Amino acid sequence: KDDLVVLGIETSCDDTAAAVVRGNGEILSQVVSSQGDLLAQYGGVAPKMAEEAHSQVIDQVVQEALDKANLTARNLSAVAVTIGPGLSLCLRVGVRKARKIAGSFNVPIVGIHHMEAHALVARLSERQLQFPFMALLISGGHNLLILAHDLGHYIQLGTTIDDAIGEAYDKTAKWLGLDMRTGGGPALEELAREGDAESVRFSTPMKQHRDCNFSYAGLKTQVRLAIESKNINAEIPISSASSQDRRSRADIAASFQQVAVLHLEERCDRAIEWARKIEPSIKHLVVSGGVASNQYVRARLDHVVKKNSLQLVCPPPKLCTDNGAMVAWTGIEHFCMGRFDPPPPADEPEDYM
Ligand code: KG4
Ligand code: ZN
């Protein structure tokens, strides 16, 4: 296993990412090209435009990943690529590239589930992490609580019934006039540090539902109403806001973040109880996905996990947000179990899919 070298390609949303990872867990290279300017301009991801942006940079991103790893494609053991879930137009760009390389150099291909990659990357950053473990996966499109029994064997304990937490961070950031180039979340986290989290009373979602599901649509509406009632104008960027205006934006940011994360805490607390009934030997809760790079989220969940005598495993921020290394690593895990597809034909037409 240690001798394997796998290229991972990720294009499911707005990041074009590639990385080369060795079977022993060494990350030989990691390249990400983000569509920050497009995000800021449109306030979200427009599939057609995102597809074009991926197409423009994919060759360069993959080449850079190979160059930085000091490899050519013929040295690869396999190419791993995200095949879903995600924007189908965007996924295609990555899959086409992966098939082209795999076909030209006669290497196997491994199709990867994006959320499985977010979970399994924890076994790359924390090499001691064994199955079974629990995972809370929090990103722009998903909120998932799972019990990972074994490779490919997952029990879903909870999911979102509407929006994911990252979506709520992004919309709140947009309405507060924050810089969206980094996806909203990081800017909101920073502003929240200046605010008073008790100043605006938002109610915690799904209090009356004794399950492990999530909901962020209602909180989004509460935030929007609070912003309207304080006459905050998103057209005025925070950098030009008066100090009083800035303070009221920071207060909303802090109050939103506190409740958004309290919802995660409550669901994790219950999920741990549930998971223990199924698998009493659970020792770890993995928290991954873009929102897991948030320091406040990490600190609050660490508290919940410790209270339940478990350990928190949170990959470094660069491995939490969308990246190629998580795809390459998940490819390695599957490849080692014999789960891969044979190389595509070398002369497969470009418009095959
Ligand atoms: O996993 P990811 O990179 O892409 C998806 O699979 O969706 O997650 C992106 C999401 C975005 O909503 C972004 O705003 C959020 O993660 N995010 C954060 C932070 N960094 C990224 N949210 C809160 N705080 C952060 N520091
Ligand atoms: Zn993701």
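Basis of the calculations
- The written sequence of each chain sets the order in which its residues are numbered from 1.
- Chain A is the first chain written and ligand 1 is the first ligand written, with later ones labelled in order.
- Restriction of local features to residues with pLDDT of at least 70 applies here, the model being predicted, together with a cutoff of 80 or more for giving and counting side-chain atom pairs; totals for whole chains, interfaces and linings are based on all residues.
- Numbering of helices and strands runs from the N terminus, with a helix taken as a DSSP run of H or I at least four residues long and a strand as a DSSP run of E at least two residues long.
- The globule rule used here is 2.2 Å times the number of residues to the 0.38 power, and the radius of gyration it is set against is calculated over C-alpha atoms.
- Put simply, a residue is buried when 20 or more other C-beta atoms lie within 10 Å of its own C-beta and exposed when 12 or fewer do; between those, it is partly exposed, and each C-beta is set from the backbone.
- UniProt positions are given in the numbering used here, feature names are shortened, and annotations may be inferred rather than shown by experiment.
- Lines fitted to C-alpha atoms define the axes, with helix axes restricted to the stretch in contact, and inter-axis angles between N-to-C directions lie between 0 and 180 degrees.
- Any angle that falls under 35 degrees is termed roughly parallel, while one over 145 is termed roughly antiparallel, one within 65 to 115 roughly perpendicular, and all others oblique.
- Here, residues touch in the contact sense if the C-beta positions derived from the backbone fall within 7 Å of one another.
- Amino acids outside the nonpolar list (Ala, Val, Leu, Ile, Met, Phe, Trp, Tyr, Cys, Pro) and the charged list (Asp, Glu, Lys, Arg) are all regarded as polar, and Gly is one of them.
- Whether a crossing is left-handed or right-handed is set by the direction in which the near helix is turned from the far one by less than a right angle, anticlockwise for left-handed and clockwise for right-handed.
- Near, for a residue, is defined by distance from a backbone-placed C-beta atom to a molecule or strand, with 6 Å as the limit that must not be exceeded.
- These domain limits were set by an automatic method or by a database of domain assignments.
- A helix's residues, less one, multiplied by 1.5 Å, set its expected span.
- A pair of strands is labelled paired if DSSP reports no fewer than 2 bridges between them.
- By convention the nonpolar core is taken to be a set of buried residues drawn from Ala, Val, Leu, Ile, Met, Phe, Trp, Tyr and Cys and joined through C-beta atoms within 7 Å.

S.K.: Teacher, can you tell me more about the overall build of the chain here?
M.R.: A tally of helices and strands in the chain yields 11 helices and 10 strands. At 21 Å, the chain has a C-alpha radius of gyration in line with the 20 Å of a compact globule built from 353 residues. Seen through its C-alpha atoms, the chain measures out along the principal axes to roughly 60 × 50 × 30 Å. A buried classification covers 50% of the 353 residues belonging to the chain.

S.K.: Can you help me understand the UniProt feature "domain: Gcp-like" (unreviewed entry) in the chain in this one?
M.R.: According to UniProt, the feature "domain: Gcp-like" (unreviewed entry) maps to residues 26–329 in the numbering used here. Along residues 26–329 one finds 49% helix and 16% strand; the C-alpha atoms at either end are 10 Å apart.

S.K.: Looking at this structure, I do not really get the packing of helix 6 (residues 185–192) against helix 8 (residues 243–278). What am I missing?
M.R.: Axes are the key here: two packed helices are described by the angle between their axes and the distance separating the axes. Running from amino to carboxyl end, helix 6 crosses helix 8 at an angle of 110°, the nearest separation of the two axes being 8 Å. Accordingly, the angle class assigned to the pair helix 6 and helix 8 is roughly perpendicular. Touching Leu188, Leu191 and Ala192 of helix 6 are Arg249, Ala250, Ala253, Ala254 and Gln257, all from helix 8. By residue class, the composition of the contact of helix 6 with helix 8 is 6 nonpolar, 1 polar and 1 charged.

S.K.: It is not clear to me how the packing of helix 8 against helix 9 (residues 295–307) should be interpreted in this structure. Could you clarify?
M.R.: The contact between helix 8 and helix 9 brings their axes to 10 Å, and the two run at 30°. When the axis of helix 8 is compared with that of helix 9, the two are roughly parallel. Crossing geometry of helix 8 relative to helix 9 is assigned as right-handed. Between helix 8, through Gln257, Val261, Leu264, Glu265, Cys268 and Asp269, and helix 9, the contact on the second element is made entirely by Tyr296, Val297, Arg300, Leu301 and Val304. The residue inventory of the contact of helix 8 with helix 9, partitioned by class, reads 7 nonpolar, 1 polar and 3 charged.

S.K.: Mind showing me how you'd approach the site of ligand 1 here?
M.R.: Looking at ligand 1, there are 19 residues lining it, with Ser139, Gly140, Gly166, Gly185 and Gly290 nearest. When contributions to the shell around ligand 1 are tallied by element, the ones reaching two or more residues are helix 5 (165–175) and helix 6. Here the residues of the shell around ligand 1 are counted per class, giving 4 nonpolar, 12 polar and 3 charged.

S.K.: Please clarify how the environment of Tyr296 should be interpreted in this entry.
M.R.: Note that Tyr296 resides in helix 9. By the C-beta count within 10 Å, which is 16 here, Tyr296 ends up partly exposed. Put simply, Tyr296 and Gln257 are 39 residues apart on the chain and 8.5 Å apart in space, counted from C-alpha to C-alpha. Setting aside residues no more than four positions away along its own chain, Tyr296 makes contact with Glu189, Gln257 and Val261.

S.K.: Explanation requested: the domain arrangement of the chain in the structure shown.
M.R.: Frequently, the measure chosen for interface size is the accessible area removed from exposure when the parts meet. Considered domain by domain, the chain is made up of domain 1 (5–121 + 320–352) and domain 2 (131–314). Averaged C-alpha coordinates put domain 1 and domain 2 at centres separated by 27 Å. Domain 1 puts 15 residues into the contact, and the matching count from domain 2 is 20 residues. Those elements giving two or more residues to the side of domain 1 that touches domain 2 turn out to be helix 1 (36–42) and helix 4 (114–125).

S.K.: What is the right way to look at helix 4 in this model?
M.R.: Along an α-helix, residues three or four positions apart point the same way, because every turn accommodates 3.6 residues. Counted at 1.5 Å a residue, the expected span for helix 4 with its 12 residues is 16 Å, and the 17 Å between its end C-alpha atoms agrees. The element helix 4 is extensively covered by neighbouring structure, given that 12 of its 12 residues are classed as buried. Of all the positions in helix 4, only His114, Met115, Glu116, Ala117, His118, Ala119, Leu120, Val121, Ala122, Arg123, Leu124 and Ser125 are classed as buried.

S.K.: Would you mind showing me how to read the sheet that holds strand 3 (residues 27–34) here?
M.R.: Backbone hydrogen bonds hold the strands of a sheet together, and the pairing may be parallel or antiparallel. One open sheet accounts for 5 strands, arranged 3-2-1-4-5; its pairing is mixed. For this open sheet the edge positions go to strand 3 and strand 5 (109–113), each flanked by a neighbour on one side alone. Adjacent strand axes in the sheet meet at a mean angle of 20° when their direction is disregarded. Pairing geometry for strand 1 (residues 5–10) and strand 4 (residues 78–84), over 4 bridges, is parallel. When the sheet's bridge partners are listed, Ile9 is paired in strand 4 with Val81. Packed onto the sheet, helix 3 (residues 88–105) meets strand 1, strand 4 and strand 5 and runs at close to 160° relative to strand 4. The strands touched by helix 11 (residues 324–336) are strand 1, strand 2 (15–22), strand 3, strand 4 and strand 5; relative to strand 1, the strand with the most contacts, the crossing angle is about 130°.

S.K.: I tried to follow the nonpolar core on my own but got confused; where do I start?
M.R.: In this structure, Ala19, Ala65, Val79, Met134, Ala325 and Ala328 are the most contacted members of the largest nonpolar core, which totals 110 residues. Broken down by element, the residue count for this core peaks at 13 residues, all from helix 8. Here this core spans two domains, since at least three of its residues come from each of domain 1 (5–121 + 320–352) and domain 2 (131–314). Residues within four places of Ala328 in sequence aside, it is in contact with Val6, Leu7, Gly8, Ala19, Val20, Val21 and Ala80.

S.K.: Looking at this model, I keep getting lost on the environment of Asn231. Mind explaining?
M.R.: Structurally, Asn231 is set in the loop between helix 7 (217–229) and helix 8. Of the residues examined, Asn231 has 8 C-beta atoms within 10 Å and is grouped as exposed.

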